[in-house]
Amino acid sequence: MKRNLIITLLILLVLTCFGAGGLLFFQQQQKEKEAERAKEQSLVMKKKQESEKAAEVEKEAQAEAGISKKVDKNQKTAYLTIDDGPTKYFKQIIEALKKLNVKATFFFVGNNIKDEYKADIKQAVQDGNSIGMHSMSHDANKLYKQSQFIPEMEQESKLLSDIVGKKVGLIRAPYGSTYLNNDQVQKAKADKFRLLDWNIDSNDWKHKGKPQDTVSFVSQELDGFHKISPVILVHETKDTLDAIPALVKAIRAKGFVLEPYFEDNDFHLNFKKDPDL
Ligand SMILES: [Zn+2]
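As recorded by an unreviewed UniProt entry, the chain carries the name Polysaccharide deacetylase family protein and is attributed to Listeria booriae.

Next up, the structure:
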């Protein structure tokens, strides 16, 4: 009887131990689960924070892009166009511009294109400058009275295209497009030529030997340009070479960025006021 009681007590003790152990085990498991859940939750939170942060960064980037787009839209572009070359100053002018990280637009007289200039012309185009035709002869009589404008431009286009290895269709009409008759305008369009006149004549020929006067003159003229891009006309001379550092500085000081003018530019400027020319 006593023995039975002892056995029963022992069994109860063992059961109690198991029970307590089980409870402890259960509690431990609960704790682990909770810890895991907490960990998961913190991971979720972290992920959420990360994605929020990423969204914020994205938003900032977009805002910045928006601002830079705005800057682009409001960016004032000026075009420096240099006529009547190539001359012995061509390479030096290119080098002077390169030092200032400026690309310009050169309008060549076909009859001036000696073989010795061809490699420099090709290099200038490869460096990002733009080139165009300024007729073979620069002779107003031939071009406008003897109807040689289109034939001369076609001849020079072929000459320049062969030098640079791509079609050149940009034209600056000597003395301006004003002198073209309607037939010539239509033919220029049919040939897919683009005519670019100017809206700032630097009058550099009047300031011979005084490049600083040309710089001051252009600088004053720029004050009148708020909406339309200034297209500045200078000639390929020693004076222009000497004027370049001060001229570029003055143009930039007025808030303009200098760009080369390519024939696919959406901005058209011609004295005929023809949007398709
Ligand atoms: Zn000219």
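Q: What's the story with the pattern of salt bridges in this structure? I'm lost.
A: Note on pairing: side chains with opposite charge can pair once their charged atoms come close. Evaluation of the coordinates by the stated rule reveals 10 salt bridges. Where lysine 189 meets aspartate 274, a salt bridge forms, and the shortest distance between an N and an O atom there is 2.7 Å. Of this pair, lysine 189 sits in helix α6 (residues 182-190) while aspartate 274 is found in the segment after β8 (256-258), placing the two residues 85 residues apart along the sequence. The exposure class assigned to lysine 189 is partly exposed, which follows from its relative accessible area of 24%. Across the pair aspartate 242 and lysine 238 runs a salt bridge whose closest N-O atoms are separated by 3.0 Å. Here the residue aspartate 242 and the residue lysine 238 both occupy positions in helix α8 (residues 238-253), the gap between them amounting to 4 residues, near one helical turn. Residue classification places aspartate 242 among the partly exposed residues on the basis of a relative accessible area of 40%.

Q: Explain the side chain of histidine 207 to me, please; I cannot follow it from the model alone.
A: Structurally, the position occupied by histidine 207 is in the loop between β6 (200-201) and α7 (211-222). Setting aside chain neighbours within four positions, we find histidine 207 in contact with Ser202, Asp213, Thr214, Phe217 and Asp239.

Q: It is not clear to me how the nonpolar core should be interpreted in this structure. Could you clarify?
A: Within the largest apolar cluster, 53 residues are counted, with the highest numbers of intra-cluster contacts made by Leu80, Leu97, Phe106, Ile121, Ile131, Phe149 and Leu195. Sort the elements by how many residues they give to this core and α8 lands first, with 7 residues. Discounting residues that sit within four places of it in the chain, leucine 195 has contacts with Phe149, Ile171, Ala173, Ser177, Leu180, Ala188, Leu269, Asn270 and Leu277. Leu196, Trp198, Val231 and Tyr261 belong to the second-largest nonpolar core, a separate cluster that totals 10 residues.

Q: Sorry, what's going on with the packing of aromatic side chains here?
A: Working definition: an aromatic ring pair is given by the centre-to-centre distance plus the angle between the planes. One pass over the full model with this rule turns up 8 aromatic pairs. Here tyrosine 79 and phenylalanine 267 contribute two aromatic rings whose centre-to-centre distance is 6.1 Å and whose plane-to-plane angle is 15°, an arrangement assigned as stacked. With tyrosine 79 in strand β1 (residues 76-85) and phenylalanine 267 in the segment after β8, this residue pair connects regions lying 188 residues apart in the sequence. For the pair formed by tyrosine 79 and phenylalanine 267, the shared burial category is buried. When the centroid spacing of 5.0 Å and the interplanar angle of 85° are considered together, the rings of tryptophan 198 and phenylalanine 271 count as edge-to-face. Here tryptophan 198 is found in the loop between β5 (194-195) and β6, whereas its partner phenylalanine 271 is found in the segment after β8, with 73 residues between them in sequence. Among the residues examined, tryptophan 198 registers a relative accessible area of 15% and is labelled buried. Members of the aromatic cluster, joined through ring pairs, are Tyr79, Tyr261 and Phe267. Cation over ring: lysine 76 sits above phenylalanine 256, and NZ or CZ is 4.4 Å from the ring centre.

What counts and what doesn't
Along each chain, the written sequence defines residue order, and numbers are assigned to residues from 1. Two thresholds apply to this predicted model, a pLDDT of at least 70 for residue-level local features and 80 or more for giving and counting side-chain atom pairs, whereas whole-chain, interface and lining totals are computed over all residues. For side-chain calculations, the full set of non-hydrogen atoms in the structure is used, while hydrogens and water are omitted. By definition here, a salt bridge exists when the distance from a side-chain nitrogen of Lys or Arg to a carboxyl oxygen of Asp or Glu is within 4 Å. Secondary structure is summarised from DSSP: a helix means a run of H or I of at least four residues, a strand means a run of E of at least two, and numbering begins at the N terminus for each. Working definition: with a 1.4 Å probe on protein chains only, accessible area under 20% of the residue-type maximum means buried, over 50% means exposed, and in between means partly exposed. The contact rule is simple, with two residues in contact once any of their heavy atoms fall within 4.5 Å. Note on terminology: a nonpolar core comprises buried Ala, Val, Leu, Ile, Met, Phe, Trp, Tyr and Cys residues joined through side-chain atoms within 4.5 Å. Here is the rule: rings of Phe, Tyr and Trp (six-membered ring for Trp) pair when centre to centre is within 6.5 Å. Planes less than 30 degrees apart are stacked, more than 60 are edge-to-face, and the remainder are tilted. Both a distance and an angle decide whether a charge sits over a ring: NZ of Lys or CZ of Arg must be within 6 Å of the ring centre and within 35 degrees of the ring normal.

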